[in-house]
Amino acid sequence: MNETLAALGLAKHPDKTFIGRVVKGFDFLGYRMGPHGLTVAKRTRERFAERAARLQEQERTGRASPGALGQYVRRRQKWARAGLIARTSATCSGAVHFTNRGATAGAACVWDYPLLHRG
């Protein structure tokens, strides 16, 4: 690989490049790439749930406009669909559950959040 890059006049960044087996998988731009294909990365799902919980609280207390949470969810769904266009919803399932303790993500894909359970 280094020879090919050198022939093209390119070089790897020493701090940003890791060459390893894909079987271990890796995160890139919010997605998880691994031997079983492409999914939304765990940390991306966690950040989604954290942000959604904050927006829900902000809507409840009037610090966010009504509908801010719905707009955020729709934007994230659009982002996930764009990156996972070849995936089917049959392989990704879950929901974000809202409780008085916050939100938890139990999904493999962001776009499968049609039901927001408020409890």
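These numbers come from a predicted model, not from an experiment.

## Describing unusual backbone geometry
Part 1 of the reasoning: We note that Leu 29 has phi near 55°; this positive angle belongs to a residue other than glycine.
Part 2 of the reasoning: Looking at where Leu 29 falls in the secondary structure, it is placed in the loop between β1 (26-28) and β2 (31-34).
Part 3 of the reasoning: Its relative accessible area of 64% is what places Leu 29 among the exposed residues.

## Structural notes on helix α2 (residues 42-61)
Part 1 of the reasoning: Compared with the 28 Å implied by 1.5 Å per residue over 20 residues, the 29 Å span of α2 between its first and last C-alpha is a close match.
Part 2 of the reasoning: Within α2 the residues assigned to the buried category are Thr 44, Arg 45, Phe 48, Ala 49, Ala 52, Ala 53, Leu 55 and Gln 56.

## What about the nonpolar core?
Part 1 of the reasoning: Grouped together as the largest cluster of nonpolar side chains are 8 residues: Phe 48, Ala 52, Leu 55, Ala 64, Ala 68, Leu 69, Tyr 72 and Val 73.
Part 2 of the reasoning: Only α2 and α3 (68-83) provide two or more residues apiece to this core.
Part 3 of the reasoning: In terms of residue count, α3 provides more of this core than any other element does, 4 residues in total.

## Some thoughts on the packing of aromatic side chains
Part 1 of the reasoning: With the rule as written, the count across this model stands at 2 aromatic pairs.
Part 2 of the reasoning: Both rings, one in Tyr 31 and one in Trp 79, keep their centres 4.5 Å apart while their planes meet at 20°; by these two values the pair is stacked. With a gap of 48 residues between them, Tyr 31 in strand β2 and Trp 79 in helix α3 connect regions that are remote in the sequence.
Part 3 of the reasoning: By relative accessible area, Trp 79 is classed as partly exposed at 26%.
Part 4 of the reasoning: An angle of 15° between the planes, with centres 5.5 Å apart, marks the rings of Phe 48 and Tyr 72 as stacked. You can see Phe 48 sitting in helix α2 and its partner Tyr 72 sitting in helix α3, a full 24 residues away along the chain. Residue Phe 48 shares its accessibility class with Tyr 72, and that shared class is buried.
Part 5 of the reasoning: Looking at Arg 51, its charged tip hangs above the ring of Tyr 72, at a distance of 5.7 Å from the centre.
Part 6 of the reasoning: Taking NZ or CZ as reference, Arg 76 lies 4.6 Å from the ring centre of Trp 79, over its face.

## Some thoughts on the packing of α2 against α3
Part 1 of the reasoning: It is at 8 Å that the axes of α2 and α3 come closest, and there the two elements cross at 160°. Comparing the axis directions of α2 and α3 gives the class roughly antiparallel. For α2 against α3, the interelement crossing comes out right-handed. Side by side, α2 and α3 meet where Thr 44, Arg 47, Phe 48, Arg 51, Ala 52, Leu 55, Gln 56 and Glu 59 of the first sit next to Ala 68, Leu 69, Gly 70, Tyr 72, Val 73, Arg 76 and Trp 79 of the second.
Part 2 of the reasoning: Considering only residue class, the contact of α2 with α3 consists of 8 nonpolar, 3 polar and 4 charged.

Rules used in this analysis
Residues numbered from 1 in each chain as written. Predicted model: local features only at pLDDT ≥ 70, side-chain atom pairs only at ≥ 80, totals over all residues. Heavy atoms only, no water. Helix = DSSP H or I, 4+ residues; strand = E, 2+ residues; numbered from the N terminus. Buried < 20%, exposed > 50% of the residue type's maximum accessible area, 1.4 Å probe, protein only. Expected span 1.5 Å × (residues − 1). Core = buried A, V, L, I, M, F, W, Y, C linked by side-chain atoms within 4.5 Å. Phe/Tyr/Trp six-rings, centres within 6.5 Å; stacked < 30°, edge-to-face > 60°. Lys NZ or Arg CZ within 6 Å of the ring centre and 35° of its normal. Axes fitted to C-alpha atoms, helices over the stretch in contact; angles between N-to-C directions. Parallel < 35°, antiparallel > 145°, perpendicular 65-115°, else oblique. Left-handed = near helix turned anticlockwise from the far one by under 90°. Contact = heavy atoms within 4.5 Å. Nonpolar A, V, L, I, M, F, W, Y, C, P; charged D, E, K, R; others polar.

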